[in-house]
Protein chains: 2
Amino acid sequence: MSAVLAGAERACQPAPLAVLCGAGAFPLEVSSKAAEAGRTPFLIGIVGTTDAAIEAYPHVWLRMGEVGKLFGALKEQSIREIVMVGAMTRPEFTDLRLDWGAVKRAADLARLFRKGDDGLLVGLAAIFEGEGVRVVGAHEVAPQLLAPMGPLVGRSPSADDEADIALAAELLAALSRFDMGQGAVVAAGRVLAVEAAEGTDAMLARIGEMRATGRLRLKGPAGVLIKAPKAGQDLRLDMPAIGPQTVAGAAKAQLRGIAVAAGRVLIAERARCARAADAAGLFLSGFEA
Amino acid sequence: MSAVLAGAERACQPAPLAVLCGAGAFPLEVSSKAAEAGRTPFLIGIVGTTDAAIEAYPHVWLRMGEVGKLFGALKEQSIREIVMVGAMTRPEFTDLRLDWGAVKRAADLARLFRKGDDGLLVGLAAIFEGEGVRVVGAHEVAPQLLAPMGPLVGRSPSADDEADIALAAELLAALSRFDMGQGAVVAAGRVLAVEAAEGTDAMLARIGEMRATGRLRLKGPAGVLIKAPKAGQDLRLDMPAIGPQTVAGAAKAQLRGIAVAAGRVLIAERARCARAADAAGLFLSGFEA
């Protein structure tokens, strides 16, 4: 009788939402927004990657490759939905600490590692879904994190900036089929940098270095950072994101501003981003993608 | 009478070939190959950029922007052909020390500086040609510098390397219309880096840094550097080139090898490149572009 009641109670309470947490504070922001929306987040930390602050929530720690332990925890918590958030260093297959649950799926996992980032994530999602766990996007559980259309701060892009944004958007679209290219820096019609495996922060640091060494001779603020998802990208899996670190990098690179695809890029800690952009004289704007 | 003889003598002797010398030893190698082919090189050095070794040849030193002095020297030497060789840092228009010859052409020059690298060079070539000086390619005066088809050293690309080379060639072709993209590094189907304003050496250094910090987790040699000209690029103006520094960079980044578009990329100091590639266990190969 009490078992039946407990079952009924459980049915009324929504099952927790698993949050697979990459590096940084963003997984915590997504978890907090999901909790505000009435979800119960259950956080999965990766040893050596995830911030210890996740321990404020119900959580489990895993090493990369402990797939059996991961699915055990999801089952124990009756979890049917997972969201993957935050930067994760792509491991080499041979670096993984495979447990028995991983060994059972080793052929699937090994196949993934021959692919680009997209292929890897799509394959991971398929493995989750094969276990009855639906992958949802951070924007589905916390839509308020999506970049809106138009300026987020006082400054707006100039007509020249708009031309650079349009050029960069075309460039990123052309790169889509190569499973890369979610960021670029363009200044006055010239492509200064394209993001590949190094990530946005390193690309911005490069602009600063080129200015410092005189390889780039630019006077005053110059260039726009553009972030947009790959065309046809499954936004549940790897939506581009910016945060205060991106704004700090753009300011240090002496850019004119940051433009993100409206509704298709996540902004972590939006208020902090806006304050930092304003303080640095940068525009921060969503463009129609 | 003697003036007539002198004129006749001058007609029999081909006019000197101007070599506008960027940084490094490559302008000297081109000059020496041109001299072997019976040409008389007249070297133009850019203060702060060009190696002082050009003084072994008849030469003139200029500051960037001394366009009047440049055309004066070309006229004095009866020069009708110029070749532009070696890396040059793109200056800001306002950094140029414009002389009177430049001021006369200031509108043309200023217009150039709003363009990408291609636009700049095409415009420069047009200015030369407007003065009756034909721009020729380094490969026209020294065809033996062009990368041949197939392997230049003992090692050859594997089937997997060939797949990476094909992918990178497609990528560079897609980037062509953005006036950039003469280099990329691809490993096992994944684009690790794309070259923009930073140049090949900095791109290779980035691969090494990503390996050192663990952002790229690769075991042993991995990845191929691919160099190819932009589709539709005027090869007289900005043909991609590799040299011993490129090979050293690829070795330090622990790549598997270097692939260049056969007949469309210049190789400086070929024997030294081949020895260094062999010593580092790299392949160095021309592919059908």
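A tally of regular secondary structure across chain A gives 12 helices and 13 strands. The globule rule puts the C-alpha radius of gyration for 289 residues at 19 Å, and the 21 Å found for chain A is close to it. Its C-alpha atoms put chain A at 75 × 40 × 30 Å along the principal axes. Here the contacts in chain A between residues at least 6 apart in sequence split such that 71% fall between residues at least 24 apart. Split by element, the accessible area of chain A, about 12600 Å² in all, is 54% carbon and sulfur.

To continue, consider the interface of chain A and chain B. Residue-level contacts link 36 residues of chain A with 36 residues of chain B. Surface buried jointly by chain A and chain B totals about 3300 Å² across both partners, of which 54% is contributed by carbon and sulfur atoms. With a closest N to O distance of 2.8 Å, Arg177 of chain B and Glu170 of chain A form a salt bridge. Counting every contact that joins chain A to chain B gives eight residue pairs in polar contact (both at pLDDT 80 or more). Ranked by residue count, the leading element in the side of chain A that touches chain B is helix α8 (residues 159–175) of chain A, at six residues. Looking at side-chain class alone, the side of chain A that touches chain B contains 17 nonpolar, five polar and 14 charged residues.

Residue and element names in this part refer to chain B. Secondary-structure assignment places His139 in helix α7 (residues 138–141). The class of His139 is buried, set by a relative accessible area of 18%. If we ignore the near neighbours within four places in the chain, the residues touching His139 are Leu146, Leu235, Arg236, Met239 and Leu266.

This brings us to the sheet that holds strand β1 (residues 17–21) of chain B. Working definition: the strands of a sheet are paired by backbone hydrogen bonds and lie parallel or antiparallel to each other. Residue and element names in this part refer to chain B. The strand order across the open sheet built from five strands is β3-β2-β1-β4-β5, with neighbouring strands paired in parallel fashion. Of all the strands in the sheet, just β3 (59–62) and β5 (134–136) have a single pairing partner and so form its edges. If you compare each strand with its neighbour and ignore which way they point, the axes differ by 25° on average. Relative to β3, strand β2 (residues 41–46) is paired through four bridges, and the arrangement is parallel. What sits directly across from Leu43, in β3, is His59.

A few words on the pattern of salt bridges. All chains considered together, the criterion is met by 24 salt bridges over all chains. With a closest N to O distance of 3.4 Å, Glu195 of chain B and Lys227 of chain B form a salt bridge. You can see Glu195 of chain B sitting in the loop between β8 (190–194) and α9 (199–213) and its partner Lys227 of chain B sitting in strand β9 (residues 224–227), a full 32 residues away along the chain. Overall, Lys227 of chain B belongs to the buried group, its relative accessible area being 4%. Linked through salt bridges whose partners overlap, the residues forming this network are Glu198 and Arg206 of chain A together with Glu198 and Arg206 of chain B.

On to unusual backbone geometry. Residues and elements named next belong to chain A. Phi at Asp179 is positive, roughly 55°, even though this residue is not glycine. Located in the positive-phi region is Ala188, a residue other than glycine, with phi close to 50°. Assignment of secondary structure puts Ala188 in the loop between β7 (183–187) and β8 (190–194). The exposure class of Ala188 is partly exposed, given its relative accessible area of 34%.

Residues and elements named next belong to chain B. Running from N to C, α9 and helix α11 (residues 244–252) cross one another at 15°; their axes reach a closest spacing of 8 Å. Put simply, α9 runs roughly parallel to α11. In this structure, α9 crosses over α11, and the sense of that crossing is left-handed. When α9 is examined against α11, the residues Thr200, Asp201 and Leu204 are found in contact with a partner set consisting of Gln245, Thr246, Gly249 and Ala250. Residues that form the contact of α9 with α11 fall into these classes: two nonpolar, four polar and one charged.

Quick look at the relation of the copies chain A and chain B now. Between the two chain copies there is a screw-like relation: a rotation about an axis and a shift along it. Of the two same-sequence chains, chain A is brought onto chain B (RMSD 0.0 Å, axial shift 0.0 Å) by a rotation of 180°. The operation mapping one copy onto its partner corresponds to a two-fold rotation axis. Looking at the interface residues of chain A, 100% of them are also at the interface in chain B, so both copies use one shared face.

Here is what the cut-offs are and how they apply
Residues numbered from 1 in each chain as written. Chains lettered and ligands numbered in written order. Predicted model: local features only at pLDDT ≥ 70, side-chain atom pairs only at ≥ 80, totals over all residues. Heavy atoms only, no water. Helix = DSSP H or I, 4+ residues; strand = E, 2+ residues; numbered from the N terminus. Rg over C-alpha atoms; globule rule 2.2 N^0.38 Å. Contact = heavy atoms within 4.5 Å. Areas by Shrake-Rupley, 256 points an atom, 1.4 Å probe, with all protein chains shown as cover. Buried area = accessible area lost by both parts, 1.4 Å probe. Salt bridge = Lys/Arg side-chain N within 4 Å of Asp/Glu carboxyl O. Polar contact = N/O pair within 3.5 Å; in protein donor to acceptor, adjacent residues only side chain to side chain. Nonpolar A, V, L, I, M, F, W, Y, C, P; charged D, E, K, R; others polar. Buried < 20%, exposed > 50% of the residue type's maximum accessible area, 1.4 Å probe, protein only. Pairing = 2+ DSSP bridges. Axes fitted to C-alpha atoms, helices over the stretch in contact; angles between N-to-C directions. Parallel < 35°, antiparallel > 145°, perpendicular 65-115°, else oblique. Left-handed = near helix turned anticlockwise from the far one by under 90°. Least-squares fit on C-alpha atoms with pLDDT ≥ 70 in both.

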